[in-house]
Amino acid sequence: MMKKRAFSVLMGTILLALSVCGCGGSESGSASNKADDSGQTWGSGDTQSSSNGGAGDKGAGASIPVTSETLFDVTDTDGGVSVVFNDIEGGDVHIPAEIGGKTVTEIGERAFWCIGVTSVIIPDCVTKIGEAAFNLTYLEQIVIPESVTEIGSMAFLNCKRLTSVTILGGITQVKDMAFSGCTVLTDVTLPATVTEIGASAFADCKALTMLVLPDSVVSVDHSAFSGCTDITVTYQGTDYSYEELDDLYTVLDDAASLASPYPAEEFFRVEDVPGGVSIYYAESTVGLYYYNGGEGVVRIPEQIGGKTVVEIGSSVFVGSRYIVNLTIPDTVVRIGGSAIKGCYELVHVTLPSGLTELEDYLFAWNEKLEDVSIPSGVTRLGDGVFEGCKSIKTILVPEGVTEIGYFAFSDCPNLELVILPDSLTAIKEEVFEGSEKVTVTYKGASYTYEEIDALYSAIRGES
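Residues numbered from 1 in each chain as written. Predicted model: local features only at pLDDT ≥ 70, side-chain atom pairs only at ≥ 80, totals over all residues. Heavy atoms only, no water.

1. Re the overall build of the protein chain
What counts is decided by this rule: In DSSP terms, a helix is any run of H or I states spanning at least four residues, a strand is any run of E spanning at least two, and both are numbered starting from the N terminus. When a residue's accessible area, from a 1.4 Å probe over protein chains only, is under 20% of the maximum for its type it is buried; when over 50% it is exposed; and in between it is partly exposed. Should any heavy atoms of two residues lie within 4.5 Å, those residues are considered in contact. Surface accessibility follows the Shrake-Rupley procedure with a 1.4 Å probe radius. Residue values consider only the protein chains on display as shielding.
Looking only at helices and strands, the protein chain features five helices and 36 strands. Out of the 463 residues belonging to the protein chain, those deemed buried represent 48%. When contacts within the protein chain are restricted to residue pairs at least 6 apart in sequence, those whose partners lie at least 24 apart make up 35%. Only carbon and sulfur atoms are counted for the fraction: they give 49% of the accessible area of the protein chain, which is about 20,400 Å².

In structure tokens, the structure reads:
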């Protein structure tokens, strides 16, 4: 049904091995391990408390008060230690903030793998949870503190009794298979820091019926919710059922195509002006094609370096052969003359609402430009502003424009209709020179190309 990213043979082999292997094995030192009703095997029959064998049925012997450093193996890391639990009984575990005077900063790879841990408290000094750290445990719920910035792949894979996951903040990725196979998981809270959901991250979480993705998410692997047939995923105010997840992926893929892989600071030079900055094209190896993240699409940011972009300098994009679609934010109140002149591939441009003037030769010789919506606050169209725009057919000049400069609509051979506002009182000569198909309407009257002199007289109030 849905598109899925192909998994590597290696990942599939790991998943199968973890699902079917005995959890005691050589690590427990005993051949008399016993399995629970889900096929998982916990520890040694000689040491395992009988109350640990049931689903969350914790007797007095199951609680592990962490007072001894012998419960953990430790490995030095930058700034602290990584811990791996070495007590086979499991039960309730409280990870200490320090061991041997060193801060516990990581929960190591496979730290609790196949151990009958029913609950765990993670101190807020931990920054990383390693790969497969809690794979095949008896955890029923988990709260991950905001200090944690990385959760490894398969961290909670096949935790068959896990019902609730709360991640308080810090992580940016839910990595591959992180919660895959948590078949009774019903409640997941993701923080606003998450940007990416990895392959099969929640696959086969069959009890998961609702998940809210933070608005910060920009990438979801197409296999992330495989097998979650009853799920509804909410993203940016829209609900997507399991059958509609392809629509979600399309939304995310489209957004990704507009994203910039480079910070704007690497693409634009800026100059301080009143109210913010004016931008200029950066003379660097990071060109238009790479800045926008999708061929021909350029979105100018509202801010650069924490300062509002209020102006686009003259001739910024002049002669560019890369821009197809240009979006300028509403923070911009001025665009310099010739800024977008001669952009031979430009088809569409979105102008900010706060402009008061289209300066001289702003769009001149953009031969593929098909349409421009002139903002309602504009009062002047400069000289040659649309000169040589060979693909434009219709232009609506909004009410409020009082002046149109020389050659403003000249050499537009396919221009068929221009609607002028009643507010227009000043027009220069040769505005429509060479645009022989045009019909111009003004104050209820229509003028063909041959009648343009009469139009000029009407605008100037000449008898």
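2. Here we look at the sheet that holds strand 25 (residues 325-327)
Just so we agree on the cut-off: For two strands to be treated as a pair, DSSP must find at least two bridges joining them.
The four strands lie next to each other as 22-25-27-29, forming an open sheet whose pairing is parallel. Pairing within the sheet leaves two strands with one partner each, and these edge strands are strand 22 (297-299) and strand 29 (371-372). Where strand 22 and strand 25 come together, three bridges link them in parallel fashion. Residue pairing for strand 25: Val-297 is matched across the bridge by Asn-325.

3. Here's the deal with the nonpolar core
Our working definition: Residue types Ala, Val, Leu, Ile, Met, Phe, Trp, Tyr and Cys, when buried and joined through side-chain atoms within 4.5 Å, form a set referred to as a nonpolar core.
If you look at the biggest cluster of nonpolar residues, it comprises 61 residues, and the most contacted ones within it are Phe-156, Phe-179, Phe-202, Leu-213 and Phe-225. Elements supplying a minimum of two residues to this core: strand 4 (80-85), strand 7 (102-107), strand 8 (117-121), strand 10 (141-144), strand 12 (164-167), strand 16 (210-213), strand 18 (232-235) and helix 3 (245-258). It is helix 3 that contributes the most residues to this core, four residues altogether. Formed by 58 residues, the second largest nonpolar core is a distinct cluster that contains Val-298, Val-349, Leu-355 and Phe-432.

4. A closer look at the pairing of strand 10
Burial of strand 10 is one-sided: the residues Ile-142 and Ile-144 facing one way are buried, the residues Gln-141 and Val-143 facing the other way are not. Taken together, the four bridges between strand 10 and strand 12 define a ladder with parallel strand orientation. Paired with Ile-144 across the bridge in strand 12 is Ile-167.

5. Looking at the pairing of strand 7
In this structure, strand 4 lies alongside strand 7, joined through three bridges in parallel fashion. Opposite Ser-82, over in strand 7, you have Glu-106 as the bridge partner. Pairing between strand 6 (residues 98-99) and strand 7: two bridges, direction antiparallel. Bridging from a neighbouring strand, Glu-98 pairs with Thr-103 of strand 7. Hairpin connection from strand 6 to strand 7: two residues lie between these consecutive antiparallel strands, with Gly-100 at a positive phi of about 60°. Pairing between strand 7 and strand 9 (residues 128-129): two bridges, direction parallel. Residue pairing across strands places Glu-106 opposite Lys-128, the latter belonging to strand 9.

6. A word on the confidence of the model for the protein chain
Cut-off, in case you're wondering: Summary of the metric used: pLDDT quantifies the predictor's per-residue confidence within the range 0 to 100.
Of the residues in the protein chain, 79% reach a pLDDT of 70 or more, and the chain-wide mean stands at 82. Note that residues 24-68 has pLDDT below 50 and, in this model, 86 contacts with residues that lie over four places away or in other chains. For residues 283-290, every residue scores under 50 in pLDDT, and the model assigns this stretch 18 contacts once sequence neighbours within four places are set aside.

7. Quick word on unusual backbone geometry
Backbone geometry at Cys-114 places phi at a positive 65°, although glycine is not the residue there. Tracing the backbone through its elements, the reader meets Cys-114 in the loop between strand 7 and strand 8. You can call Cys-114 buried: its relative accessible area is 1%. If you check the backbone angles, Ser-338 has positive phi at about 60° while not being a glycine. Within the secondary structure, Ser-338 is located in the loop between strand 26 (334-335) and strand 27 (348-350). In this structure Ser-338 comes out as buried when scored by relative accessible area, which is 15%.

8. Section: the sheet that holds strand 19 (residues 238-241)
In sheet architecture, strand pairing relies on hydrogen bonds along the backbone and comes in two forms, parallel and antiparallel. Using the following cut-off: To obtain an axis, a line is fitted to C-alpha atoms, over the contacting stretch when the element is a helix, and the angle between two such axes runs from 0 to 180 degrees between their N-to-C directions.
The three strands are arranged 16-18-19 in an open sheet whose pairing can be described as mixed. At either margin of the open sheet sits one strand with a lone partner, and together these are strand 16 and strand 19. Neighbour to neighbour, the strand axes of the sheet diverge by 20° on average, direction disregarded. As paired elements, strand 18 and strand 19 share four bridges and run antiparallel to each other. What sits directly across from Tyr-235, in strand 19, is Thr-238.

9. Looking at the pattern of salt bridges
What counts, and what does not: A pair is scored as a salt bridge if a Lys or Arg side-chain nitrogen falls within 4 Å of a carboxyl oxygen belonging to Asp or Glu.
Taken as a whole, this structure holds 12 salt bridges when the rule is applied. The partner of Lys-102 in a salt bridge is Asp-76, with the nearest N and O atoms 3.0 Å apart. With Lys-102 in strand 7 and Asp-76 in strand 3 (residues 72-77), this pair connects stretches of sequence that are 26 residues apart. Judged by its relative accessible area of 37%, Lys-102 is partly exposed. Note on Asp-76: relative accessible area 52%, which makes it exposed. For Arg-334, the salt bridge identified is with Glu-359, shortest N-O distance 2.9 Å. One end of the pair, Arg-334, is in strand 26; the other, Glu-359, is in the loop between strand 28 (357-358) and strand 29, and 25 residues separate them in sequence. Classification of Arg-334 by relative accessible area gives partly exposed; the value is 30%. Here the salt bridges do not stand alone but share partners, grouping Glu-357, Asp-360, Arg-380 and Glu-403 into one network.

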